[in-house]
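Structural features, examined
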Amino acid sequence: MAYEVEKTDEEWRAELTPEEYQVLRKAGTERAFTGEYTDTETKGVYRCKACQAKLFESDTKFHSGCGWPSFYQPISDTIEYIEDNSHGMKRVEVRCANCGSHLGHVFPDGYGTPTGDRYCINSISLSLEPADEVDRG
């Protein structure tokens, strides 16, 4: 798939930390309960760490207890869905539709949410723009 933001592997490596590169560009996973945004309740917009595309709004974030930030719905048309049969599991990988960076996975077990979905996202794949900054910008 062609993305609006396309860079060479060398460009991504130069812009991202080794940990960010491993998750965003190599579909790695950060350890559970270690990410910066796992329990954050700050109001704002979550953006792709690689390209800064808006992905999720904080009012769709919920505490799922899974160890990663969880959202029940992305901002419209910001996510690409890829079938993922790795590690002996059948899952749906979610990537940034703007640059193709790996974000995490979506599961149909967001019980009690408006959509029934749980977007399980690596904190390291995100940056949070607090609402007071969104209002000023």
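Residues numbered from 1 in each chain as written. Predicted model: local features only at pLDDT ≥ 70, side-chain atom pairs only at ≥ 80, totals over all residues. Heavy atoms only, no water.

The name that an unreviewed UniProt entry assigns to the chain is peptide-methionine (R)-S-oxide reductase, with the source organism given as Nocardioides kongjuensis. Its UniProt record gives the chain a comment under Cofactor (unreviewed entry), which states: "Zn(2+)". Entered under Catalytic activity (unreviewed entry) in the UniProt record, the comment concerning the chain runs "L-methionyl-[protein] + [thioredoxin]-disulfide + H2O = L-methionyl-(R)-S-oxide-[protein] + [thioredoxin]-dithiol". (UniProt positions renumbered as here; feature names shortened; annotations may be inferred.)

Another point: the pattern of salt bridges. One pass over the full model with this rule turns up 7 salt bridges. Between R13 and D9 there is a salt bridge whose closest N-O contact spans 3.1 Å. Linking R13 with D9, this pair stays in helix 1 (residues 9-15), spanning 4 residues, or about one helical turn. A residue is classified by how much of its surface remains accessible, and R13, at 48% relative accessible area, is partly exposed. Overall, D9 belongs to the partly exposed group, its relative accessible area being 31%. K49 is the partner of E20 in a salt bridge, and the nearest nitrogen-oxygen pair spans 3.1 Å. One end of the pair, E20, is in helix 2 (residues 18-24); the other, K49, is in the loop between strand 1 (44-48) and strand 2 (54-57), and 29 residues separate them in sequence. The class of E20 is buried, set by a relative accessible area of 12%. (Salt bridge = Lys/Arg side-chain N within 4 Å of Asp/Glu carboxyl O. Helix = DSSP H or I, 4+ residues; strand = E, 2+ residues; numbered from the N terminus. Buried < 20%, exposed > 50% of the residue type's maximum accessible area, 1.4 Å probe, protein only.)

This next bit is on the nonpolar core. Residues L55, F56, C96 and I121 are the most contacted members of the largest nonpolar core, which totals 23 residues. Those elements that place two or more of their residues in this core are helix 2, strand 1, strand 2, strand 6 (91-96), strand 7 (102-107), strand 8 (118-121) and strand 9 (126-130). Other than its neighbours up to four places away in sequence, L55 contacts Y46, R47, C48, P74, I75, T78, I79, C96, L103 and L126. (Core = buried A, V, L, I, M, F, W, Y, C linked by side-chain atoms within 4.5 Å. Contact = heavy atoms within 4.5 Å.)

Pairing within the open sheet is antiparallel, and its 3 strands lie in the order 2-1-9. Unpaired on one side and paired on the other, strand 2 and strand 9 mark the two borders of the sheet. The mean angle between the axes of side-by-side strands here comes to 30°, regardless of whether they run parallel or antiparallel. Across 3 bridges, the pairing between strand 1 and strand 2 is antiparallel. Within strand 2, the position partnered with V45 by the bridge is E57. (Pairing = 2+ DSSP bridges. Axes fitted to C-alpha atoms, helices over the stretch in contact; angles between N-to-C directions.)

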